[in-house]
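The chain contents come next:
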Amino acid sequence: MVFGSKGTDVILTVEQFCCDRPNPILQIIYIAIIGSVYFVIAKSSFVYIPGYYIAHVHNKNTYNFPNISMEPTNRSLTRLDTMPDDMLRLIISKVGATSSTDYCNAVLTCKSLNFGLDDPLIAKTLSIAPLVERPHLANGYEKMMESLLAANNLDVHYVKGMCEYFYFDNHFFGLHHLRLASKGDHKEAKYLYGFLLMALGMIEKGK
């Protein structure tokens, strides 16, 4: 070493002070480097934004963007009550086709989405999965069942067919409703209708 053991001790002491124990020196050096680089970029590069060689159409200043705040409270944001009824009707029909519970919650909480079962699209696509799983409960929803049946709702045809065939022992009407549901590609109805036809001896038709 040029400086001997004292020089080595000094270097080791500085290394231990800077790197082996908590101290603000490294943070200060890091902030100074970042600040210096940003200052150089701001002074030397910002004048070229937008660049001279960028086409005029890519310059954001050429567009007439309205001065709109992105805050959620801004009144220019799209509201449900400003949307056309056809779109709202389609939205609520998609909700109902997924879950009858979500449909009821949406109708009860939002006046703009208050489309009832008298609407053919809503009535035709409304899912009644709980009644599909337990058809015997349909007796407590006669008015709703009538509205959905008039709109040719496939779930209702299946539930009605189950009730007529198994609970009221009316095989003719039961098979009639199950056939309508199976023709509409209702999964449960298609399976049950085919099974019942084969059980009644109509093997080829049941297949």
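These figures come from a predicted structure and were not determined experimentally.

Before going further, it helps to spend a moment on the packing of helix α3 (residues 85-98) against helix α4 (residues 100-109). Helix packing for two helices is described by the angle between their axes and how far apart those axes are. Running from N to C, α3 and α4 cross one another at 140°; their axes reach a closest spacing of 5 Å. Residues Ile92, Val95 and Gly96 of α3 form the contact with α4, whose own contacting residues are Ser100, Asp102, Tyr103, Ala106 and Val107. Residue classes in the contact of α3 with α4 are distributed as five nonpolar, two polar and one charged.

Enumeration according to the criterion identifies three aromatic pairs in this entry. Their ring planes at 80° and their centres at 5.5 Å tell us that Phe172 and Phe173 sit as a pair that is edge-to-face. Given the relative accessible area of 41%, Phe173 is considered partly exposed. Ring centres 6.4 Å apart and planes at 20° place the aromatic pair Tyr191 and Phe195 in the stacked group. On the criterion of helical spacing, the pair formed by Tyr191 and Phe195 is a turn pair, its members being four residues apart in helix α10 (residues 187-199). On the accessibility criterion, Phe195 (47% relative accessible area) is partly exposed.

Mapped onto the fold, His176 is located in helix α9 (residues 171-183). Separated by 15 residues in sequence, His176 and Gly161 have C-alpha atoms that sit 7.1 Å apart.

Time to look at the pattern of salt bridges. If you walk through the whole model with that rule in mind, you get three salt bridges. Taking the shortest distance from any N to any O, the salt bridge between Glu164 and Lys160 comes out at 3.7 Å. Separated by four residues within a single helix, Glu164 and Lys160 lie in helix α8 (residues 154-167), roughly one turn from each other. With relative accessibility at 28%, the residue Lys160 sits in the partly exposed group. Salt-bridge contacts for Asp185 lead to Lys190; the nearest nitrogen and oxygen are separated by 2.5 Å. The exposed category is assigned to Asp185, whose relative accessible area is 54%.

Next up on the list: the nonpolar core. When a protein is soluble and globular, its nonpolar side chains tend to lie buried together. Counting 33 residues, the largest nonpolar core has Ile92, Ile128, Met145, Tyr158 and Val159 as its most contacted members. For this core, the secondary-structure elements that each account for two or more residues are α3, α4, α5 (120-125), α6 (129-133), α7 (142-150), α8, α9 and α10. It is α8 that provides the largest number of residues to this core, a total of six residues.

Structurally, the position occupied by Asp85 is in helix α3. We classify Asp85 as exposed; its relative accessible area is 54%. In sequence terms Asp85 and Ser112 are 27 residues apart; their C-alpha atoms lie 8.4 Å from each other.

Turning our eyes to something else, we now look at α3. Its 14 residues place the ends of α3 20 Å apart at the C-alpha level, agreeing with the 20 Å of an ideal helix rising 1.5 Å per residue. Restricting attention to buried positions, one finds in α3 the residues Leu88, Ile92, Ser93 and Gly96. Down the axis of α3, the buried side of the element spans an arc of 135°, and every buried residue falls inside it. Away from its buried face, by an angle of more than 90 degrees, α3 presents the exposed residues Asp86, Lys94 and Thr98. In the core, the buried residues of α3 are packed alongside α4 and α5.

What counts, and where the lines are drawn
Residues numbered from 1 in each chain as written. Predicted model: local features only at pLDDT ≥ 70, side-chain atom pairs only at ≥ 80, totals over all residues. Heavy atoms only, no water. Axes fitted to C-alpha atoms, helices over the stretch in contact; angles between N-to-C directions. Helix = DSSP H or I, 4+ residues; strand = E, 2+ residues; numbered from the N terminus. Contact = heavy atoms within 4.5 Å. Nonpolar A, V, L, I, M, F, W, Y, C, P; charged D, E, K, R; others polar. Phe/Tyr/Trp six-rings, centres within 6.5 Å; stacked < 30°, edge-to-face > 60°. Buried < 20%, exposed > 50% of the residue type's maximum accessible area, 1.4 Å probe, protein only. Salt bridge = Lys/Arg side-chain N within 4 Å of Asp/Glu carboxyl O. Core = buried A, V, L, I, M, F, W, Y, C linked by side-chain atoms within 4.5 Å. Expected span 1.5 Å × (residues − 1). Arc of directions from axis to C-beta.

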